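Survey of secondary and tertiary structure
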Amino acid sequence: MRDPRTTSLCILGAGGFIGSHLLSRLVRESWRDIRAIDITSDKIRRLLDRDNITFVHLDIYDTPGLAEHIERADIVISLVALCNPSLYTTVPLDVIDINFNRPLEVVRMCAARGKWLIHFSTSEVYGKTIGRYAPEAADDPARFVLSEDTSPMILGPVGAQRWSYAAAKQLLERVIYAYGFEQGLEYTIVRPFNFIGPRMDYIPGIDGSGVPRVLACFMEALMTGKPLKLVDGGRARRCFTYIDDAVDAVVRMLERPDAAKGRIFNVGHPGNEVTIAGLAEKMLSIYRELCPRIAPEAPCMDRVSGESFYGAGYEDSDRRMPDITKARSLLEWEPKTDLDTALRHTMAHYIREYGADCAPREAC
Ligand code: NAD
Ligand code: UDP
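In short, a report on the structure. (Residues numbered from 1 in each chain as written. Chains lettered and ligands numbered in written order. Predicted model: local features only at pLDDT ≥ 70, side-chain atom pairs only at ≥ 80, totals over all residues. Heavy atoms only, no water.)

Details of the site of ligand 1
This is how it is decided: Summary of the distance rule: residues count as near a molecule or strand when at least one heavy atom falls within 4 Å of that molecule or strand. N or O atoms within 3.5 Å of each other form a polar contact, as long as, within protein, one can give a hydrogen and the other can take it, and as long as residues adjacent in sequence are counted only when both atoms are side-chain atoms. Starting at the N terminus, helices and strands are each numbered in turn, a helix being any DSSP run of H or I of at least four residues and a strand any DSSP run of E of at least two. Classes in brief: Ala, Val, Leu, Ile, Met, Phe, Trp, Tyr, Cys and Pro nonpolar; Asp, Glu, Lys and Arg charged; the others, Gly included, polar.
In the region of ligand 1, 26 residues are neighbours, and Phe17, Ile18, Asp38, Tyr165 and Phe195 sit closest. Between Phe120 and ligand 1, the recorded distance is 3.5 Å, taken from a backbone N or O atom to an oxygen atom. At a separation of 2.9 Å, an oxygen atom of ligand 1 approaches a polar side-chain atom of Lys169. Elements with a minimum of two residues in the shell around ligand 1: helix 1 (17-28) and helix 5 (164-183). Looking at the shell around ligand 1 residue by residue, the class counts come to 15 nonpolar, seven polar and four charged.

Now the structure itself:
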């Protein structure tokens, strides 16, 4: 059997959070031929002098350029997206375009050329849990544990534009599945559950603007001494998954094509579930350890409504607990990093990167 490390990879969106970690791992393990495509390379700059990586500055809206790079690859890994909840309610047309229309072109190109497509979807396709509609049964695991091939997908009304991203991603999954069914497309769909780690998101006002994902929101608040904002009281729950564990699942897919092709995989750490209020408490306490000179006062937290924080049309996923039986059995994958360790690594990186001086500050 051919050594998977000799296959030619084309990674679209390689310069982003997941792409940068995946590239590091592939480089470390001497994958021979990696074409990294993105419109930005800041997060992968230190890798670009390696012989086995070719960086291509390409906008995937450049159709001939895209076709050329897909043509010469054996495997296409598709990571390009707008995947920040604050955008779903503010620029839904862009969100739908980049998460559905454009990747649809990637799917068609892979189908026409016989390429294996590894497509990154999202755990958000599951939407809200059934438990939310049957609160009396909310503690029954069947009501909130999400399985790739059996759980329903429950999105809110059209006017709740929060679901623009989930709907675009879900429809694309259905198109990929149909290409597999009708035209034999070889595909794997990955549903990430809140990956966290270094280089995840920008800090507003320093290297980006708007509202990043929750971890960067809380880091910004901690580093600038502002209150952490708990949307709708921080009752929603997430299973935060450390990026190294997540990348390990993807590498296992690449190494086991027979197990991975034609399948959808949840990639998440069921043991790391926490409410967002619980996450804020944990981050505050780790921040105090990492930066002991900050004022050891009561937690500074503000409750805000979803609409005031994200704008009209915001709704939330109440709970996202992955069933990872399939990844365990077919990929022999097991997420290993507990939430405290994942947060410690990630927060230490943010503090180093953004030069937080950990100076004493006013208590809230
Ligand atoms: P990211 O935003 O860090 O990376 C996306 C990359 O795509 C960026 O580097 C961006 O520059 C690039 N890109 C955007 N438009 C482009 C264009 N027109 N042409 C070329 N490149 C373009 O996102 P991420 O966190 O690395 O997520 C990667 C994938 O995983 C996405 O599909 C996302 O929906 C999915 N996902 C991630 C998470 C998570 O926890 N990080 C959760 C659910 C789903
Ligand atoms: N959230 C919060 N405060 C913030 C940012 C986000 O309470 O400053 C909440 C948000 O409402 C959601 C959860 O944190 O319930 C996770 O948000 P994230 O942006 O990371 O993405 P999601 O998991 O919703 O895709």
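What about helix 9 (residues 276-290)?
Because each turn of an α-helix spans 3.6 residues, side chains separated by three or four positions end up pointing in the same direction. Let me state the cut-off plainly: Take the number of residues in a helix, subtract one, and multiply by 1.5 Å to get its expected span. Residue exposure (1.4 Å probe, protein chains only): buried if accessible area is under 20% of the type maximum, exposed if over 50%, otherwise partly exposed.
Helix length check: helix 9, at 15 residues, gives a terminal C-alpha distance of 21 Å against a target of 21 Å (1.5 Å per residue), a fit within 8%. Residues Ile276, Leu279, Ala280, Met283, Leu284, Ile286 and Tyr287 constitute the buried set of helix 9.

Observations concerning the pairing of strand 12 (residues 263-267)
The test is simple: Whether two strands pair depends on DSSP finding at least two bridges between them.
In terms of burial, strand 12 is largely enclosed, as four of its five residues are buried. Bridge count for strand 7 (residues 187-192) against strand 12 is five bridges, and the pairing is parallel. Along strand 12, the bridge assignment pairs Arg191 with Asn266.

Focus: the site of ligand 2
Heads up, the rule is: Using the Shrake-Rupley algorithm and a 1.4 Å probe, accessible areas are obtained, with residue cover drawn only from the displayed protein chains.
Around ligand 2, a shell composed of 19 residues is seen, among which Asn194, Lys229, Arg238, Tyr314 and Asp316 lie nearest. Within the side chain of Asp316, an N or O atom sits 2.5 Å from an oxygen atom of ligand 2. Contact with the protein chains removes 95% of the 520 Å² of surface that ligand 2 exposes when unbound. Of all the secondary-structure elements, those providing two or more residues to the shell around ligand 2 are helix 6 (214-224), strand 9 (228-231) and helix 10 (306-310). For the shell around ligand 2, the class distribution of residues is eleven nonpolar, one polar and seven charged.

Looking at the nonpolar core
Most often, soluble globular proteins have nonpolar side chains that are buried together. We apply this condition: Definition used in this section: a nonpolar core is a set of buried Ala, Val, Leu, Ile, Met, Phe, Trp, Tyr and Cys residues joined via side-chain atoms within 4.5 Å. Contacts: residue pairs with any heavy atoms within 4.5 Å of one another.
Counting 76 residues, the largest nonpolar core has Ile11 and Met219 as the members making the most contacts within it. Those residues in contact with Met219 that lie beyond four places of it in its chain are Ile203, Met283, Tyr287, Met347, Tyr350 and Ile351. The next biggest cluster of nonpolar side chains, apart from the first, holds 30 residues, and it includes Leu58, Ile98, Leu104 and Ile176.

Details of the packing of helix 2 (residues 63-71) against helix 4 (residues 92-113)
Where we set the bar: A fitted line through C-alpha atoms represents every axis, and for helices the fit uses only the stretch in contact; the resulting angles, taken between N-to-C directions, go from 0 to 180 degrees. Roughly parallel refers to an angle under 35 degrees, roughly antiparallel to one over 145, roughly perpendicular to one between 65 and 115, and oblique to any angle outside these ranges. Put simply, a crossing is left-handed when the front helix is turned counterclockwise from the back one by less than a right angle, and right-handed when it is turned clockwise.
Here helix 2 crosses helix 4 at 40°, and the two axes come no closer than 10 Å. Of the possible angle classes, the one that applies to helix 2 and helix 4 is oblique. Remark: the crossing between helix 2 and helix 4 carries right-handed chirality. Packed against helix 2, whose contacting residues are Thr63, Leu66, Ala67, Ile70 and Glu71, the element helix 4 presents Arg102, Val106, Met109, Cys110 and Arg113 at the interface. Taken together, the residues of the contact of helix 2 with helix 4 sort by class into six nonpolar, one polar and three charged.

Concerning the pattern of salt bridges
To be explicit about the condition: By salt bridge we mean one thing: a side-chain nitrogen of Lys or Arg within 4 Å of a carboxyl oxygen of Asp or Glu.
According to the stated counting rule, one finds 26 salt bridges in the structure shown. For Glu173, the salt bridge identified is with Arg191, shortest N-O distance 2.6 Å. Within this pair, whereas Glu173 is found in helix 5, its partner Arg191 is found in strand 7, the two being separated by 18 residues in sequence. Per residue, the accessibility class of Glu173 equals that of Arg191, and both read buried. One salt bridge in this structure joins Arg252 and Asp248, with 3.0 Å as the shortest N-O distance. Here the residue Arg252 and the residue Asp248 both occupy positions in helix 7 (residues 243-255), the gap between them amounting to four residues, near one helical turn.

Quick notes on the state of the cysteines
Rule in force here: What counts as a disulfide here is a pair of cysteine sulfur atoms lying within 2.5 Å.
Per the counting criterion, the structure on display carries zero disulfides. Looking at the unpaired Cys83, the closest cysteine sulfur is the one in Cys217, lying at 14 Å. Accessibility expressed as a relative area gives 16% for Cys217, which makes it buried.

Points about the environment of Asp149
For Asp149, the location among the structural elements is in the loop between strand 6 (145-146) and helix 5. Residue classification places Asp149 among the exposed residues on the basis of a relative accessible area of 56%. Taking the C-alpha atoms as reference points, Asp149 and Asp302, 153 residues apart in sequence, are found 39 Å from one another. Polar contacts involving the side chain of Asp149 include one to the side chain of Lys326, which spans 2.9 Å.

A closer look at helix 4
So the rule is basically this: Take the seven residues that end at a residue and the seven that start at it, fit an axis to each, and the angle between those axes is the bend at that residue.
For helix 4, which comprises 22 residues, the first-to-last C-alpha distance of 31 Å matches the rise-based estimate of 32 Å (1.5 Å per residue) to within 8%. Maximum bend of helix 4: about 35°, positioned at Ile98. Once helix 4 finishes, Gly114 follows within two positions and takes phi at roughly 70°, a positive value.

Focus: the pairing of strand 7
Summarising burial for strand 7: six of the six residues are buried, a large majority. Of the two faces of strand 7, the one lined by Tyr187, Ile189 and Arg191 and the one lined by Thr188, Val190 and Pro192 are each fully buried.

Brief notes about the sheet that holds strand 2 (residues 33-38)
In spatial order, the strands read 3-2-1-4-5-7-12; together these seven strands make up an open sheet with parallel pairing. Lying at the two open borders of the sheet, with one neighbouring strand each, are strand 3 (53-57) and strand 12. Strand-to-strand twist of the sheet, defined as the mean angle between neighbouring strand axes without regard to direction, takes the value 15°. Where strand 4 (residues 75-78) and strand 5 (residues 116-120) come together, four bridges link them in parallel fashion.

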